[in-house]
Every structure is written in C-alpha cells, then in structure tokens.
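Spelled out, the chains give:
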Amino acid sequence: MDKKLLRSVREYKKQSFLTPVLVAAEVFVEVLIPLLMAKIIDVGIMNGDMAYIIKLGALLVLLAVVALFFGAKAGQLAAVASSGYAKNLRHDFYYKIQDFSFGNIDHFSTPGLVTRLTTDITNVQMAYMFTIRLLARAPIMIVMSLIMTVTISPAIAFMMLITIPVLGGLLIFIAKKAHPHFIKVFDEYDELNNVVQENVNAARVVKAYVREDHEVEKFGKISGIVFRLFTKAEKIVAWNSPTMQFTMYIVVLAMVLIGGESIISGDMLTGELTSVIVYALQILTSLMMVSFVFVMIMIAEASTERINEVLDEVPEMEDKADAVTEVTNGDIEFEHVNFSYAGEGGNLSLKDVNLHIKSGQIVGIIGGTGSAKSTLVQLIPRLYDVTLGTVKVGGTDVRDYNLKALRDQVSVVLQK
C-alpha cells in the first residue's frame, strides 16, 4: 500500500492493527483442529473409546466457536478500518480539490475527478481490507500448517515446500498478465463518465436537435471498450481457479500415495494422513487467497497512481506571503490581456483585451456562443490566471490579492 495514502488511516490505526492480531489467533485455533481430528480417529475410533471421542468432540466444537468469534471480530474490525480509511481518503481528496483553480480541474476533467473520488478510492478500500485480513492470514496459515506437517511427515512437508513457490509463481504470473488491462479500464471509465455527464447536462439540446441515436451510439462505443477490456482481464484471471484446482488434486494424490505407503509400513496413522491432507488444503487455499489479494492490489495500484496524481497536483494559484487582504473599490481594469486554456503557446481565447470599468458602472458583454464572454468574467475573481497582461480590481493586480479576500468581494453567478 502507498505510504502517502496510508496517512489517511489516522484514527483507524487501532482497528487496522487489531485485525491481523485476531486473524493470527483465528489461524492458530484452526491449525489445532486437524490435530484433534487425527486424535479422534487414531485413538478414539480405533480403540472404540466413546468417552474419548465425546471429550475431544466437545473440544473441537469449542475451538470452532472460538475460531468463529475471532474471525467474525476480525471481519468487523477490517470493515470499520477499511471504510474509515476510505472516508478519510475521500475527505482529503475532496478538500484538495477545493484548492484547485479551474485550470487544475480542467487538467483532470470533472468526470476524471469523479471516477477517482468513487471507483478508484473504492478499489483502494477493498485492497486495504483484503490486505489487513486475508493477506495477513495466508502467510501465517502457510507457515503454521507447514510446521504441523513437518512434525507428522517430513516427506510430505518437503513436497509442499516445492509446490508452494511453483504454484505461487504461476498465480503471480497470471495476475501480472492481467494488470495492464485493469490500468486501461480506469482511463476508459473517465471517458465513459464524460459521455454520460455531457448527455445528462445537455439533455434538452440532444432532444431539441434529435440527436438521441448519435448519443446512444457514442455511449455504446465507449461502453463496449470498457466491456472488452474487463472481459480480457477477467479471462486471464480466470486461469487462477483451474490452475489452483489442478495443483491441489495432484498434491492430494501424491500425499495419499506417500501416506498410504507410510500407513502400511507403520510410520503414519490414518488420522495423521487425514490431518496432513487438511493442512495441505489449507496451504493451497491460502495461496489462492494470496493470488486473489494480489490481483486486487494490482488493480488498486493503478487506482493509487491516479489518486496520487490529484494529491500531488500543485494548485496553480497560491497566496503570496504579503498578499493584499482588502479590496479598496470596484474598479476593474484589463490591460493587454491574452488568455489561452492551454497556457503559453496555445490558441488564444482572449487577445490583447483592454477594458476599464469604473466602480458602480453596469456593463453588458454581448457575443455569440463560444466567444469567451464567460472566460473574460472568470479572470476577474481569478478563477483562471491570465496568460499575458494584467487584470486589476481596485487598482491592484488580482494575483497580488489573498484569494479569499478577493472572492469575498467579487461575486460571480455562473450560467447554471
């Protein structure tokens, strides 16, 4: 997980710490259960000792209840920690956007910011929850199950030691192949949101000019791209399950072969073989969990990069140390103002504008759609900075004002 984003965990550090602790306790209890099962088979059933079977059976039920408690509590704390983390991250993200100028927002686009604030942060939230719960559980389960297997059958344990890195490598290879496709999906999500936003905002225009079919076709095209990217990624990830199942059954067959010979030779009891098979399944299932979490982390990694792009963005407009905090009057002056949305070298929306409006004057600016009327007005409260020239309010360059002081005195009623 990204260290910068992890700062947003804040007051949920306690839940984030307790979750893996409870998971470790749950795993410890679960590892004891196959041992008791072996005892019931090898001692209780083989000797026909019903009292012993009932005694260990009651202990098994108790351990199952304890494991259930630890697991449920860990799940609850993981949900609280991940949801709280996402809440704080959205808060930090949202308030970062409040410092942006219109130019910063144009850089990301409104749909892009919405996608980052919703889908991307949700991906990070899910990855965080799986990390502190499932990813904490899997290594502990693998290690403890291997230790228990070694005490029963070193030969089977050695086979598992060979299988684990091979299977782990295959699952990681599958996840890495899918990763680039997930990255592309999020960029297309931005475009999809943009198409929807444009269509909803301009619904009257679309209907007035009978452009419904065109808009449907445009939406269908971008939606189809998202569908194909997701399908391609999921087809690759789908290999996880058959790879896992194939390996699992091969390992179980090998264990039965080795264990059967050991039982015949008297080196292993039937119950011990049963417990070893259970440990093997726990190890392989844990590897499957690691693979699943790894895929989630890779998806979240793409989202993390997109979130950090916004958090690292430097606002175009920052107050000077000696910023002016008082607007003396309402005089407005444009002196040789050029403005381009693309910055220096871009196409000019305003070119060499000179305008002087005295305080108290009422001025109307008339022009066709796209003639930069709104652009001119937005330079006055410094929603954008001029590319060249100077805009003054009360005889002072708007870039010399404290932004809050300037905008408290310059009110803009936008079109909508």
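Everything that follows concerns the structure shown earlier in this document.
Visitor: For the packing of aromatic side chains, give the residues involved together with the corresponding values.
Guide: Each aromatic ring pair is specified by the distance between its two centres and by the angle formed by the two planes. By the definition in use, this model includes 7 aromatic pairs. Judged by centre distance (6.2 Å) and plane angle (15°), the rings of phenylalanine 100 and phenylalanine 108 are stacked. A relative accessible area of 7% means that phenylalanine 100 is categorised as buried. The exposure class of phenylalanine 108 is buried, given its relative accessible area of 8%. Three or more aromatic residues joined by ring pairs form one cluster here, namely Phe339, Tyr341 and Tyr384.

Visitor: Let's hear about the nonpolar core: which residues, and what values?
Guide: Ranked by internal contacts, the top residues of the largest apolar core, which has 31 residues, are Ile156, Met160, Val251, Met255, Leu284 and Leu287. Taken together, the elements giving at least two residues each to this core come down to helix H2 (13–47), helix H3 (50–97), helix H5 (110–152), helix H6 (154–201), helix H9 (240–265) and helix H10 (270–311). With 8 residues, the single largest contributor to this core is H10. Residues contacting leucine 284, with those up to four places away along its chain left out, are Met160, Leu167, Met244, Met248 and Val251. Counting residues in each nonpolar core, the second largest holds 20 residues, with Val327, Phe334, Ile380 and Val391 among its members.

Visitor: Before we move on, could you go through unusual backbone geometry and cite the residues and values that matter?
Guide: One non-glycine residue, arginine 10, adopts positive backbone phi at about 40°. The residue arginine 10 is located in the loop between helix H1 (3–6) and H2 in this model. In this structure, arginine 382 is a non-glycine residue whose phi angle is positive, near 60°. Mapped onto the fold, arginine 382 is located in the loop between helix H11 (373–378) and strand S3 (388–393). A relative accessible area of 5% means that arginine 382 is categorised as buried.

Visitor: Describe the pairing of strand S1 (residues 332–339), naming the residues involved and giving the relevant values.
Guide: Of all 8 residues that make up S1, 6 are buried, and the element is covered over most of its length. Pairing geometry for S1 and strand S2 (residues 350–357), over 5 bridges, is antiparallel. Across the sheet, residue valine 337 finds its bridge partner in S2, namely valine 353. Sheet topology note: the S1/S3 ladder contains 5 bridges and is antiparallel. Counterpart to phenylalanine 334 in the pairing with S3 is valine 391.

Visitor: A description of the sheet that holds strand S4 (residues 396–397) should follow, citing residues and the corresponding values.
Guide: If you trace the 4 strands from one edge of the open sheet to the other, you get S2-S1-S3-S4, paired in antiparallel fashion. The sheet is open, and its two edges are formed by S2 and S4, each paired on a single side.

Visitor: Tell me about the pattern of salt bridges, residues and numbers included.
Guide: Tallied over the full model, the rule gives 13 salt bridges. A salt bridge links lysine 87 to glutamate 11, with the shortest nitrogen-to-oxygen separation between them at 3.7 Å. Of the two residues, lysine 87 is situated in helix H3 and glutamate 11 in the loop between H1 and H2; the sequence distance between them amounts to 76 residues. For arginine 306, the salt bridge is made with aspartate 120, and the minimal N-O distance between the two is 2.7 Å. Highlighted residues: arginine 306 in helix H10 and aspartate 120 in helix H5, separated in sequence by 186 residues. Like aspartate 120, arginine 306 is buried. Because the salt bridges share partners, they merge into one network encompassing Glu26, Glu30 and Arg137.

Rules used in this analysis
- Residues numbered from 1 in each chain as written.
- Predicted model: local features only at pLDDT ≥ 70, side-chain atom pairs only at ≥ 80, totals over all residues.
- Heavy atoms only, no water.
- Phe/Tyr/Trp six-rings, centres within 6.5 Å; stacked < 30°, edge-to-face > 60°.
- Buried < 20%, exposed > 50% of the residue type's maximum accessible area, 1.4 Å probe, protein only.
- Core = buried A, V, L, I, M, F, W, Y, C linked by side-chain atoms within 4.5 Å.
- Helix = DSSP H or I, 4+ residues; strand = E, 2+ residues; numbered from the N terminus.
- Contact = heavy atoms within 4.5 Å.
- Pairing = 2+ DSSP bridges.
- Salt bridge = Lys/Arg side-chain N within 4 Å of Asp/Glu carboxyl O.

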